[in-house]
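Observations on the model geometry
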Amino acid sequence: MKKKRILTGDRPSGKLHLGHYVGSLQNRVKMQNSHEQYVMIADLQSLTDESFKSENILEIMKDYISVGIDPEKTTFLLQSQINSLYELTFYYMNLVTLGRLERNPTIKEEILQKGYKDSIKAGFLCYPVSQSADITGIQADVVPAGKDQIPMIEQTNEIVRKFSQQYNSNCLREAEILLSDQPKLVGIDGKSKASKSLNNAIYLSDNEKTLREKVFSMYTDPDHIHVHQPGKIEGNVVFSYLDSFYEDKEHLSELKENYKKGGLGDIKIKQILFESLRAFLTPIQNIRLQLKDEDMISILKNGTYNANIEYEKTIQEVRKSIGIYSFD
Ligand code: TRP
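**Thoughts on the environment of Gly262**
The topology assignment puts Gly262 in the loop between α12 (249–261) and α13 (266–290). On the accessibility criterion, Gly262 (22% relative accessible area) is partly exposed. Between the C-alpha atom of Gly262 and that of Lys232, which follows or precedes it by 30 residues, the distance is 9.7 Å.

**Observations concerning the pattern of salt bridges**
For the structure shown, the criterion picks out 23 salt bridges. Two residues, Arg11 and Glu110, come together in a salt bridge whose shortest N-O distance is 3.4 Å. On the criterion of sequence distance, the pair formed by Arg11 in the loop between β1 (5–10) and α1 (18–34) and Glu110 in helix α6 (residues 105–114) is long-range, its members being 99 residues apart. The shortest N-O distance in the salt bridge between Glu213 and Lys209 comes to 3.4 Å. One end of the pair is Glu213 and the other is Lys209, both in helix α10 (residues 208–216) and four residues apart, which spans about a single turn. We classify Lys209 as exposed; its relative accessible area is 60%. Among the ionic contacts, a cluster of salt bridges with common partners joins Arg5, Glu36, Glu310 and Lys313.

**Side note on the packing of helix α3 (residues 55–67) against helix α14 (residues 293–322)**
Interaxial distance between α3 and α14 falls to 10 Å at its minimum, and their mutual angle equals 85 degrees. Judged on the interaxial angle alone, α14 and α3 are roughly perpendicular. Residue-level inspection shows Ile57, Leu58, Met61, Lys62 and Ile65 of α3 in contact with α14, the latter providing Asp293, Met296, Ile297, Ile299 and Leu300.

**Things to note about the pairing of strand β4 (residues 142–145)**
Taking every second residue as pointing to the same face, both faces of β4 are buried, with Val142 and Pro144 on one and Val143 and Ala145 on the other. Across four bridges, the pairing between β4 and strand β5 (residues 176–179) is parallel. Among the inter-strand pairings, Val142 is bridged to a residue of β5, identified as Glu176. In this fold, β4 hands off to helix α9 (residues 150–166), which returns the chain to β5; that crossover is right-handed.

**What about unusual backbone geometry?**
Not every positive phi belongs to a glycine, and Gln139 is a case in point at roughly 60 degrees. Residue position: Gln139 is located in the loop between α8 (127–137) and β4. Assessed through its relative accessible area of 15%, Gln139 is described here as buried. The residue Asn168 is not glycine, and still its phi comes out positive at about 45 degrees. Positionally, Asn168 belongs in the loop between α9 and β5.

**Focus on the packing of aromatic side chains**
Inspection of the entire model under this criterion finds ten aromatic pairs. With a centroid separation of 6.3 Å and an interplanar angle of 35 degrees, the aromatic rings of Tyr21 and Phe245 are classed as tilted. Here Tyr21, found in helix α1, pairs with Phe245, found in helix α11 (residues 237–245); they are 224 residues apart in sequence, far enough to count as distant. For the residue pair Tyr21 and Phe245, the accessibility class agrees, reading buried in each case. The interplanar angle of 20 degrees and the centroid separation of 5.5 Å between the aromatic rings of Tyr64 and Phe76 together place this pair among those described as stacked. Of this pair, Tyr64 sits in helix α3 while Phe76 is found in strand β3 (residues 74–78), placing the two residues twelve residues apart along the sequence.

Reading the values: rules and limits
- Residues numbered from 1 in each chain as written.
- Predicted model: local features only at pLDDT ≥ 70, side-chain atom pairs only at ≥ 80, totals over all residues.
- Heavy atoms only, no water.
- Helix = DSSP H or I, 4+ residues; strand = E, 2+ residues; numbered from the N terminus.
- Buried < 20%, exposed > 50% of the residue type's maximum accessible area, 1.4 Å probe, protein only.
- Salt bridge = Lys/Arg side-chain N within 4 Å of Asp/Glu carboxyl O.
- Axes fitted to C-alpha atoms, helices over the stretch in contact; angles between N-to-C directions.
- Parallel < 35°, antiparallel > 145°, perpendicular 65-115°, else oblique.
- Contact = heavy atoms within 4.5 Å.
- Pairing = 2+ DSSP bridges.
- Right-handed = clockwise from strand over helix to strand, strands pointing away.
- Phe/Tyr/Trp six-rings, centres within 6.5 Å; stacked < 30°, edge-to-face > 60°.

Written out as structure tokens, the structure reads:
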């Protein structure tokens, strides 16, 4: 049976952190064996929220490779270098209304978060259309992503249906979102999810000193003042990270019991977490050290070339379906 095709991606807005690892990277390492996987670095999308920095492209490539996303199994591509995406997006613009774009819950949330209010750029409002081009152009069956991406997939599938109806064509396919079964990793401050903008994340490339500082500054249980007092596990950041990164689950439940009973101190659990994160990050960082810029570029260039062949097939069909004039 033919493997299903996956497209996932990230905006290159900064280096990747443990939240990315838990939420998507580890899944990509797995899915590359069962699926035909494409991973897009969405540099055009990072232009729409002004997080664009081209230096981040190589850093992210190093993050991908060092955690085990394998270029022999996964195709990496750089969004801005796929010409048909600009064209597809332009065609799709005629299949969506402004009202529909304004109702997108993720967009609404971002407008609030970023304080755009009265100065919403057209490019920003329309990025879901550009993302629909990313997904449909490669003929993706599955898009593994977080809940915030549900509206993007809905928008994509609406465009596909509208296109099929309007041009009486079946050259585009609908995609399915695959939601991660992992809860979002919380930030070290315990307030919300780990994120670059909130400055509360541990990066895959953080050195030992930074890692130690971050782990020891983690939010625990503010009422747990003395070691002998009972402590709370819920909302305790150290335990949520241990849940994700501590291998010995049996020992972890014992630690939790001890902490709840009283007698286990914050310093002790932080030391345990620090050690296990260090053991997790060290091999990743050792691989990262050996990665050369020119190799990252050639992997990305190669992948983009191969992905482009797929996008070109779609754009030819799309032009034909719409009836775009051709000189040939
Ligand atoms: N919107 C995604 C994010 O913010 C990035 C992205 C762009 C993407 N194009 C995509 C994800 C296509 C999946 C498929 O992280």
